[in-house]
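# Structure at a glance
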Amino acid sequence: MIIFMRDFVAEMGQDQTKQQIEKGLRLYQSNDTEKALYIWMKVLRKTSDPGGKFRVLGCLITANSEMGKYKEMLQYSLAQINTAREMEDPDYLTEGYLNLARSNEKLCEFQKTVSYCETCLNMQGTTVSLQLNGQVCLSMGNAYLGLSVLQKALVSYEKALRYAHNNDDKMLECRICCSLGSFYIQLKDYEKALFFPCKAAELVNDYGKGWSLKYRAMSQYHMSVAFRKLMRLPDAMECCEESMKIALQHGDRPLQALCLLNFADIHRCQKDVDKAFPRYDSSMCIMSEIGNRLGQASIYVGVGKCWILQKEYDKALDSLQRAHDLAEAIGNKLCILKVHSLCEGIYRCKEQHDELREQVVKFLQCVEELELYCGMCGESIGEKNQQLQALPCSHIFHLKCLQTNGTKGCPKCHRSSVKLGFV
């Protein structure tokens, strides 16, 4: 009888925990974030149910991620891992390590992200764990892009898309398309950079009736960046305004920072540096607060370009040096490449030939390390807007080279198949 009563009380406690978590979710979805967090924290302090604790930690991880509180997100992820270990459940462990990977991705700790993603993929879990593999591959792809390891990034995105298609996971597919938009922005294939976020927007329109508005905001932001690169500035501004509106409604600080950065870049493209500078400053305030070092580096590059427009070359060099230091700290070689390219132009204008030669050498070293050249024609990739195509091995070539010359295999790794992948 005593055992029965103990089990009954435990079940009642689990039901109450579940009800409180659901109540918090309803509040969170209606943008009453403070009340939701209060309820979840109360559950976390009181519950003795490991499953309930794990779930409420997941809610806190998601909320802190969207608020840009990445250090708190990391702390809750570590607590979730400890809870999963107590439960000795591979599914919970996989989800915990995925959240740990995402936390480090947000903090630009990309090597740690890759390591935690590999741990996830090596876990021998059940079908539930396998369904998370697409999200794991997406996070790994984002980390590799952060490290400028382009082929591995593309391999990871390709795998993530396969998981999304196999599981009919449209939300995951939407997120992958946005990441692919960022990937092709970096390589300056602006047609693909626009295609993928447009595909994400289509998924939101077709399937996203019950989704969070963050998916629409995310696709609009990535479309805006592509439109800006294509110099379709009115379209860029319209999409960015739509994204910013949703970000403000939902208190999405990270997206607000990205939109402010993009607004600044749009004004810079319009050669209106007086409007660009305050938006760079506003973006930097949020980027610094949340710990997005890659975002900060991008701001310094944008500010440097503004100073170049004004022929304030010493100020430009100072800003670009700050971008270089941040990019080097997180391992983003693409940003370092941009810095060397811009510094090369500055020293050419200043007729400082020794410094110019140094920047040229460093630029070419970066190109070689990143393998930013077509394996068929030998010309550079990512220097100007060009259409690119990846083979199944994820090596990238000029589309015109593949169409003109054809190939029975990859010129770089000699894989025989030429069937094109998803990306």
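Per chain, the residues get numbers from 1 upward, laid out in the order the sequence is written. Side-chain atom pairs in this predicted model are given and counted only at pLDDT of 80 or more, local residue features only at pLDDT of at least 70, and totals for whole chains, interfaces and linings cover all residues. For the side-chain quantities, the full set of heavy atoms in the structure was used; hydrogens and water were omitted.

### Details of the environment of Glu358
Worth spelling out the cut-off: To qualify as a helix, a DSSP run of H or I must reach at least 4 residues; to qualify as a strand, a run of E must reach at least 2; elements of each kind are numbered from the N terminus. In protein, a polar contact requires one atom able to donate a hydrogen and another able to accept it; more generally it is a pair of N or O atoms within 3.5 Å, and residues adjacent in sequence count only if both atoms are side-chain atoms.
Structurally, the position occupied by Glu358 is in helix H19 (residues 353–370). For the pair formed by Glu358 and Met284, sequence separation is 74 residues and the distance between their alpha carbons is 30 Å. At 3.0 Å, the side chain of Glu358 forms a polar contact with the side chain of Lys362.

### Things to note about the packing of aromatic side chains
This is how the line gets drawn: When two rings of Phe, Tyr or Trp (its six-membered ring) have centres within 6.5 Å they constitute a pair, described as stacked for plane angles under 30 degrees, edge-to-face for angles over 60, and tilted for the intermediate range. Relative accessibility under 20% of the residue-type maximum defines a buried residue, over 50% an exposed one, and the middle range a partly exposed one, all with a 1.4 Å probe and only protein chains included. Only Lys NZ and Arg CZ are tested; either one counts as a charge over a ring when it is within 6 Å of the ring centre and within 35 degrees of the ring normal.
Taken as a whole and judged by the stated rule, the model has nine aromatic pairs. Judged by centre distance (5.1 Å) and plane angle (80°), the rings of Phe183 and Tyr184 are edge-to-face. Here the two residues Phe183 and Tyr184 agree in accessibility, since each one is buried. One aromatic cluster in this structure is built from Tyr157, Phe183, Tyr184, Phe195 and Phe196. Across the ring face of Tyr184, the terminal group of Lys192 is positioned such that the distance to the ring centre comes to 5.7 Å.

### Some thoughts on unusual backbone geometry
At Lys271, a residue that is not glycine, the phi angle is positive and equals roughly 65°. Take Lys271: its relative accessible area is 62%, and that puts it in the exposed class. Positioned with a positive phi, Glu351 is a non-glycine residue whose angle comes to about 55°. You can see Glu351 is positioned in the loop between helix H18 (333–350) and H19.

### Re helix H16 (residues 293–309)
The condition that has to hold: Multiplying one less than the number of residues by 1.5 Å gives the expected span of a helix. Pairs of residues are marked as contacts when any of their non-hydrogen atoms sit within 4.5 Å.
Between its first and last C-alpha atoms H16 spans 25 Å; for 17 residues at 1.5 Å apiece the expected length is 24 Å, and the two agree. By the burial criterion, the buried members of H16 are Gly295, Gln296, Ala297, Ile299, Tyr300, Val301, Gly302, Val303, Gly304, Cys306 and Trp307. Of the surrounding secondary structure, the elements contacted by the buried residues of H16 are helix H14 (253–269), helix H15 (273–290), helix H17 (313–330) and H18. Between the side-chain oxygen at the start of H16 and the backbone nitrogen of Leu294 there is a gap of 3.3 Å, and the oxygen is on Asn292. Downstream of H16 by a residue or two, Lys311 has a phi angle that is positive, lying close to 60°.

### Focus: the packing of helix H8 (residues 133–146) against helix H9 (residues 150–166)
Filter applied, for reference: Here the axes come from fitting lines to C-alpha atoms, over the contacting stretch only for helices, and the angles between their N-to-C directions go from 0 to 180 degrees. Put simply, angles under 35 degrees are roughly parallel, angles over 145 are roughly antiparallel, angles from 65 to 115 are roughly perpendicular, and the rest are oblique. Note on convention: the crossing is left-handed when the near helix lies turned anticlockwise from the far helix by less than a right angle, right-handed when the turn is clockwise. Charged residues are taken to be Asp, Glu, Lys and Arg, nonpolar residues to be Ala, Val, Leu, Ile, Met, Phe, Trp, Tyr, Cys and Pro, and polar residues to be all remaining types, Gly included.
Their axes nearest at 8 Å, the elements H8 and H9 cross at an angle of 160°. Considering the angle they form, H8 stands roughly antiparallel to H9. Relative to H9, the crossing made by H8 is left-handed. Along its contact with H8, which presents Asn133, Gly134, Cys137, Leu138, Met140, Gly141, Asn142, Tyr144 and Leu145, the element H9 presents Leu150, Lys152, Ala153, Ser156, Tyr157, Lys159, Ala160 and Tyr163. Split by residue class, the contact of H8 with H9 holds 10 nonpolar, five polar and two charged.

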